[in-house]
Amino acid sequence: MNAPPRTPDLATHADETARGERPVAFLDIAAMHEEVRDDLDAAWREVTAHSAFVGGPWLERFEAEWAAYCGRAYCVGMANGTDALIIALRAAGIGPGDEVVVPANTFIATVEAVLAVGARPVFTDVAPDTLLMTGAHLAAALTPSTAAVIPVHLYGQPVAMDELCAVARRHGLLVIEDAAQAHGATWEGRLAGSFGEVAAFSFYPGKNLGALGDAGAIVTDDASIAEAARSIGNHGAAPGLRYVHARVGVNSRLDGLQAAFLSAKLPRLDAWNAQRARAAGWYDRALEGVPGATPVRIAEGARSSHHLYVVRVADRAAVQAQLARDGIETGIHYPIPCHLQESYRDFATDRLPVAELAASQVLSLPMGPHLDETQAQRVCDALTRAIGRAD
Ligand SMILES: Cc1ncc(COP(=O)(O)O)c(C=O)c1O
């Protein structure tokens, strides 16, 4: 059978390149699954043996495990991370008439969620070194209608949450963390997802903790948010009552099989993050002396999950094309800042120069727990050559 086409950004075991070298995959997801193959197989057997496909013990188990991992009282599984953001906003009472502050440099789902609940996104710029929103950005974006902020722990690096939460607290704003890329990351020793009233996670397969399909969750310490989120994601069901719909909801449940796969992979998350950190260290050292490739800085106080390793380069299209010829898979996160996306222009106000410049320069290098030192060196050598040619 021919190999089926693969999802962009996910694993490959492609053929050799013209130079006779094995390509360096953007993320070797198959290697992660090989490590937990027996547990994944057992999860499949158990869930299918009990037909616990929607709800049931595997969902409850993963929700308890993820709440405990994040140090929060409640976790509610969702169908994906986008729904987790939408339902977090709705459960927290955000809706029409509210403004929600979001960074321009994020995946579009952050903004989509604000519009999905009928609120208005207010874009901020980001810091030039970390490319993250700060408390100062939030303070500058406030209006009498501001009701909430969504800090995004982008590339795996947590926002400086003490400063941001202090601004939010002073102004009575809800903090809804977008922790889709930051499983296990910390700010000043505290886990991403443990700061806001509620936090949303994605378990898309390419995330640090990924399901074998779409999956997501919210975590919170607030019982009423958890109860509302569970109800909204399950057709507005009243707790414990069948076919009684206390509110208008949707169908956004994390299924039992994905929950069981996530439980099988969760014990490896910290070790995989440590392996990613080691790979980031190889890149940092190898790129120190390379003019023209500037890694996004990790702030003191942040422990990144190293979801992505992002460098800034001037002539990105040429550099990326040359890397592709050398068998190095790369990504761009993200090529158009959200406020300049055609469908979102109504909500753009001022220019956001840092996010706009970054969008033209960012290049994500291969990253993952199984990237080895030889591959990291090959990537850096190829990048150095590519930058030299593009000059
Ligand atoms: C920062 C960010 N927010 C939200 C999402 C949405 O998650 P999902 O793809 O599971 O809907 C993602 C993942 O793609 C993301 O990276």
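Up top is the structure these notes are about.
Residues numbered from 1 in each chain as written. Predicted model: local features only at pLDDT ≥ 70, side-chain atom pairs only at ≥ 80, totals over all residues. Heavy atoms only, no water.

Engineer: Looking at this structure, how should I read helix 2 (residues 37–50)?
Structural biologist: Side chains that are three or four residues apart share a direction in an α-helix, a result of its 3.6 residues per turn. In a regular helix each residue adds 1.5 Å, so 14 residues correspond to 20 Å; helix 2 covers 20 Å between its end C-alpha atoms and thus fits that length. If you check which residues of helix 2 are buried, you get Leu-40, Ala-42, Ala-43 and Val-47. Summarising the axial view, the buried residues of helix 2 lie within an arc of 160 degrees, below the 170-degree limit, and thus occupy one face. Exposed residues lying more than 90 degrees from the buried face of helix 2 are Asp-38, Arg-45 and Ala-49. Those residues of helix 2 hidden inside the fold are in contact with helix 1 (29–35), helix 3 (57–70) and helix 9 (256–265). Where helix 2 ends, the next residue or the one after it, Ser-51, has phi of about 50 degrees, a positive value. (Helix = DSSP H or I, 4+ residues; strand = E, 2+ residues; numbered from the N terminus. Expected span 1.5 Å × (residues − 1). Buried < 20%, exposed > 50% of the residue type's maximum accessible area, 1.4 Å probe, protein only. Arc of directions from axis to C-beta. Contact = heavy atoms within 4.5 Å.)

Engineer: It is not clear to me how the pattern of salt bridges should be interpreted in this structure. Could you clarify?
Structural biologist: Two side chains with opposite charge may pair up if their charged atoms get near one another. Applying the stated criterion across every chain, the model contains ten salt bridges. With its nearest N and O atoms 2.8 Å apart, the salt bridge here joins Arg-230 to Glu-63. Placement of the pair is Arg-230 in helix 8 (residues 223–232) and Glu-63 in helix 3, with a sequence separation of 167 residues. One salt bridge in this structure joins Arg-345 and Glu-342, with 3.5 Å as the shortest N-O distance. We classify Arg-345 as partly exposed; its relative accessible area is 45%. One network of salt bridges, with partners in common, ties together Glu-34, Arg-37 and Asp-41. (Salt bridge = Lys/Arg side-chain N within 4 Å of Asp/Glu carboxyl O.)

Engineer: Just to check I follow, could you spell out a negative patch on the surface for this structure?
Structural biologist: A cluster of acidic residues, Asp-162, Glu-163, Glu-188 and Glu-300, forms a negative patch at the surface. Within the fold, Asp-162 resides in helix 7 (residues 161–170). (Patch = residues over 30% accessible without salt bridge, like charges linked within 9 Å, V, L, I, M, F, W, Y side chains within 5 Å. Areas by Shrake-Rupley, 256 points an atom, 1.4 Å probe, with all protein chains shown as cover. Lys, Arg positive; Asp, Glu negative; His and termini not counted. Charge placed at Lys NZ, Arg CZ, Asp CG, Glu CD.)

Engineer: Please clarify how the site of the ligand should be interpreted in this entry.
Structural biologist: Around the ligand, 13 residues are found, and the nearest of them are Gly-81, Thr-82, Asp-178, Ser-202 and Lys-207. At a separation of 2.7 Å, an oxygen atom of the ligand approaches a polar side-chain atom of Ser-202. Out of a free accessible area of 380 Å², the ligand has 92% covered by protein chains. Take the shell around the ligand: its biggest share by element is three residues, from helix 4 (residues 81–91). Its residues assigned to classes, the shell around the ligand comprises six nonpolar, five polar and two charged. (Near = heavy atom within 4 Å. Polar contact = N/O pair within 3.5 Å; in protein donor to acceptor, adjacent residues only side chain to side chain. Nonpolar A, V, L, I, M, F, W, Y, C, P; charged D, E, K, R; others polar.)

Engineer: What is the right way to read the side chain of Asn-273 from this model?
Structural biologist: Among the structural elements, Asn-273 can be located in helix 10 (residues 269–287). In this structure Asn-273 comes out as buried when scored by relative accessible area, which is 9%. If we skip the residues at most four places from it in the chain, Asn-273 touches His-183, Gly-184, Asn-208 and Ser-305.

Engineer: Would you explain helix 3 in this entry?
Structural biologist: The end-to-end C-alpha distance of helix 3 is 20 Å, a good match for the 20 Å that 14 residues give at a rise of 1.5 Å each. Turning to helix 3, its buried residues are Trp-58, Leu-59, Phe-62, Glu-63, Trp-66, Ala-67, Tyr-69 and Cys-70. End-on, the buried residues of helix 3 take up no more than an arc of 160 degrees, which puts them together on one face. Facing away from the buried surface of helix 3 by more than 90 degrees, the exposed residues are Glu-60 and Ala-68.

Engineer: Sorry, what's going on with the state of the cysteines here?
Structural biologist: Should the sulfur atoms of two cysteines be covalently bonded, the bond is a disulfide. Evaluated as defined, the whole model comprises zero disulfides. Left unpaired, Cys-75 is separated from the closest cysteine sulfur, that of Cys-70, by 7.2 Å. Take Cys-75: its relative accessible area is 6%, and that puts it in the buried class. Between Cys-165, a free cysteine, and Cys-70, which holds the nearest cysteine sulfur, the sulfur-to-sulfur gap is 15 Å. (Disulfide = S-S within 2.5 Å.)

Engineer: How do you make sense of the sheet that holds strand 8 (residues 198–202) when you look at a structure like this?
Structural biologist: Two modes of strand pairing occur in sheets, parallel and antiparallel, and in both the strands are linked by backbone hydrogen bonds. A sheet is described by the order of its strands in space; here seven strands give the open sequence 1-9-8-5-4-2-3, paired in mixed fashion. In this open sheet, the two edge strands, each paired with only one partner strand, are strand 1 (74–78) and strand 3 (120–124). Going across the sheet, the axis of each strand differs from the next one's by a mean of 25 degrees, ignoring polarity. Summarising the sheet, strand 5 (residues 174–178) and strand 8 pair through three bridges and their orientation is parallel. Following the sheet pairing, Glu-177 is matched in strand 8 by Ala-199. Sitting on the sheet, helix 4 is in contact with strand 1, strand 5, strand 8 and strand 9 (216–220), with an inclination near 165 degrees to strand 8. Relative to strand 3, helix 5 (residues 109–116) is tilted by about 150 degrees, and along the sheet it contacts strand 2 (99–103), strand 3 and strand 5. (Pairing = 2+ DSSP bridges. Axes fitted to C-alpha atoms, helices over the stretch in contact; angles between N-to-C directions.)

Engineer: Looking at this structure, I do not really get the packing of aromatic side chains. What am I missing?
Structural biologist: In this description, an aromatic ring pair is defined by two values, namely the gap between the centres and the angle between the planes. Summed over the entire model, instances satisfying the criterion amount to seven aromatic pairs. Where Trp-66 meets Phe-203, the ring centres are 5.4 Å apart and the plane angle is 85 degrees; that geometry is what we call edge-to-face. One end of the pair, Trp-66, is in helix 3; the other, Phe-203, is in the loop between strand 8 and strand 9, with 137 residues separating them in the sequence. Given a relative accessible area of 0%, Trp-66 falls into the buried group. Among the aromatic residues, ring-to-ring pairing joins Phe-62, Trp-66, Tyr-69, Phe-201 and Phe-203 into one connected group. Of note, Arg-190 hangs over the ring of Phe-195, and the distance from its end group to the ring centre comes to 4.3 Å. (Phe/Tyr/Trp six-rings, centres within 6.5 Å; stacked < 30°, edge-to-face > 60°. Lys NZ or Arg CZ within 6 Å of the ring centre and 35° of its normal.)

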